[in-house]
Amino acid sequence: MSYTERDAVKFAYWVPNVSGGLVISDIEQRTNHSAEYNRKLAQIAEKAGFDYALSQIRFTAGYGADEQHESVSFSHDLLAATTTLKVIAALLPGPWNPALAAKQIATISYLTNGRVAVNIVSGWFRGEFHAIGEHWLDHDERYRRSEEFIRALRGIWTEASFTFRGDFYRFNDYSLKPKPATPLPEIFQGGSSRAARDMASRVSDWYFTNGNTPAEIARQVDDIQEKARANGHSVRVGVNAFAIVRETEEEARSVLAEIISKANPEAVNAFGHEVKNAGKASPEGEGNWAKSSFDDLVQYNDGFRSNLIGTPLQVAERIVALKHAGADLILLGFLHFQEEVEYFGRRVIPLVRELEEAKVLAAE
Ligand SMILES: Cc1cc2nc3c(=O)[nH]c(=O)nc-3n(C[C@H](O)[C@H](O)[C@H](O)COP(=O)(O)O)c2cc1C
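Residues numbered from 1 in each chain as written. Predicted model: local features only at pLDDT ≥ 70, side-chain atom pairs only at ≥ 80, totals over all residues.

(A) Layout of helix 2 (residues 71–80). Extensive coverage of helix 2 is indicated by the burial of seven of its ten residues. Those residues of helix 2 lying buried are Ser71, Val72, Phe74, Ser75, His76, Leu78 and Leu79. Taken together, the buried residues of helix 2 touch helix 1 (35–48), strand 2 (52–54), strand 3 (86–91), helix 3 (98–111) and strand 4 (116–120). (Buried ≥ 20, exposed ≤ 12 C-beta atoms within 10 Å, placed from the backbone. Helix = DSSP H or I, 4+ residues; strand = E, 2+ residues; numbered from the N terminus. Contact = placed C-beta atoms within 7 Å.)

(B) Representation of the site of the ligand. Around the ligand sit 27 residues, and of these Val121, Gly190, Gly191, Ser193 and Gly287 come closest. Secondary structure elements with two or more residues in the shell around the ligand: helix 6 (194–202), strand 8 (206–209) and helix 9 (265–280). Partitioning the shell around the ligand into residue classes produces eleven nonpolar, 15 polar and one charged. (Near = placed C-beta within 6 Å. Nonpolar A, V, L, I, M, F, W, Y, C, P; charged D, E, K, R; others polar.)

(C) Just the nonpolar core, in detail. The biggest cluster of nonpolar side chains holds 104 residues, and the ones touching the most others in it are Ala12, Ala53, Ala243, Ile330 and Leu331. If you tally residues by element for this core, the top one is helix 5 (residues 139–158), at six residues. (Core = buried A, V, L, I, M, F, W, Y, C linked by C-beta atoms within 7 Å.)

(D) Main features of the packing of helix 11 (residues 312–324) against helix 12 (residues 337–363). Direction vectors running N to C along helix 11 and helix 12 enclose 50°, while the axes themselves pass 9 Å from each other. In terms of orientation, helix 11 and helix 12 fall into the oblique class. Like other packed secondary-structure pairs, helix 11 and helix 12 cross with a definite hand, here right-handed. Contacts between helix 11 and helix 12 involve Pro312, Leu313, Val315, Ala316, Glu317, Ile319 and Val320 on the former and, on the latter, Arg347, Val348, Leu351, Val352, Leu355 and Glu356. Taken together, the residues that form the contact of helix 11 with helix 12 break down as ten nonpolar, no polar and three charged. (Axes fitted to C-alpha atoms, helices over the stretch in contact; angles between N-to-C directions. Parallel < 35°, antiparallel > 145°, perpendicular 65-115°, else oblique. Left-handed = near helix turned anticlockwise from the far one by under 90°.)

(E) Quick peek at the environment of lysine 47. Note that lysine 47 resides in helix 1. In this structure, the C-alpha to C-alpha distance between lysine 47 and leucine 85, residues 38 residues apart in sequence, is 9.0 Å.

(F) Just the sheet that holds strand 2, in detail. Strand order around the closed barrel formed by eight strands is 1-2-3-4-7-8-9-12, with parallel pairing between neighbours. On average, adjacent strands in this sheet sit at an angle of 25° to one another, irrespective of strand direction. One ladder, built from three bridges, connects strand 2 with strand 3; its direction is parallel. By the bridge assignment for strand 3, tyrosine 52 is matched with lysine 86. Helix 3 rests against strand 3 and strand 4 of the sheet, and its axis sits at about 150° to strand 4. (Pairing = 2+ DSSP bridges.)

(G) Spotlight on the environment of threonine 83. Tracing the sequence through the fold places threonine 83 in the loop between helix 2 and strand 3. Separated by 115 residues in the primary sequence, threonine 83 and aspartate 198 place their C-alpha atoms 35 Å from one another.

(H) Broad picture of the pairing of strand 7 (residues 187–190). Alternating positions in strand 7 separate into two faces, Ile187 and Gln189 on one and Phe188 and Gly190 on the other, with burial throughout. Alignment of strand 4 against strand 7, held across three bridges, turns out to be parallel. When the bridges of strand 7 are listed, asparagine 119 appears paired with phenylalanine 188. Here strand 7 runs beside strand 8; their pairing, made up of three bridges, is parallel. Each bridged residue has a counterpart across the sheet, and for glutamine 189 the counterpart in strand 8 is tyrosine 207. Of the crossover connections in this fold, the one passing from strand 7 over helix 6 to the parallel strand 8 is right-handed. (Right-handed = clockwise from strand over helix to strand, strands pointing away.)

And the structure:
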């Protein structure tokens, strides 16, 4: 066995298409949600060795995110500005229906040589649904709808004539032409509740989860992979992290301390209230933010819990530990995206590749 590209952990970054960056804090952030900033960032990222960029979908303001550019059109713009980067466009069933989404993404796939992917999100922000006149379904109903949405996307993209009888969507001998370019757009999903894990084990190509320790990630991965095997399905796992990489550990830790000390408590608590409510509505009363503390919630998706905070070597070692817990992809947020994505590609990714190769050789 030798180390191949397939063994290499993948890297993605969060597209800052929403204002305020990735932390709910008044700390200075040299990150901007403009198109100009994001095009340059995407170009830096693909040169730095990033495989994917993930856009966000938000319909209304809240918790420091006053302005939000739409995910599919923004993703297309980034694809037009790059040549190898894959861009994952977030889709929220409800506002999107699968017929429009399948058509829109097939066209972007055609325009960009198959570099577009999708992230199906199921919704956590009740106020947003209310604002745009969308029904707020129960937690598990949201996932039942998302699963039908994914089955419909895949069916439309792969079948010559697609018929589907669901509780949320119906199709009758529908033929989408042209189909998306090859490879087909990959289907990601976000969430970590039991409903999310079950859905991933049946229909998604990728399962995205909030930041966490290797032990907690391993627990989720074991559950998903066991169910996926039983379903004859194959799924890969992406883990969120907020990276603070500096030449010394003290420097990195002091940046984290400053982010938290400058957090906006009202916004963090309101965000925590909303997301914890969304998760509590699941039958198990759990979900992505079930165990999040105030400090965790300062980063939208518990990114500090993955602990990619330290020197390049410390961070590279922790990435490899997450990989060994079952992560196939690390999704990253940064304080100053352009500078830090470039630094991460120069100082961290080469160390990760060395450590991965050494592990493979040691196993031979
Ligand atoms: C990596 C990742 C990205 C997400 N992106 C979005 C997004 O752009 N818009 C959104 O409304 N929800 C987003 N979500 C939220 C999820 O779709 C889901 O509603 C939330 O994680 C709660 O799920 P759970 O109760 O199953 O844990 C994202 C979640 C993760 C993990």
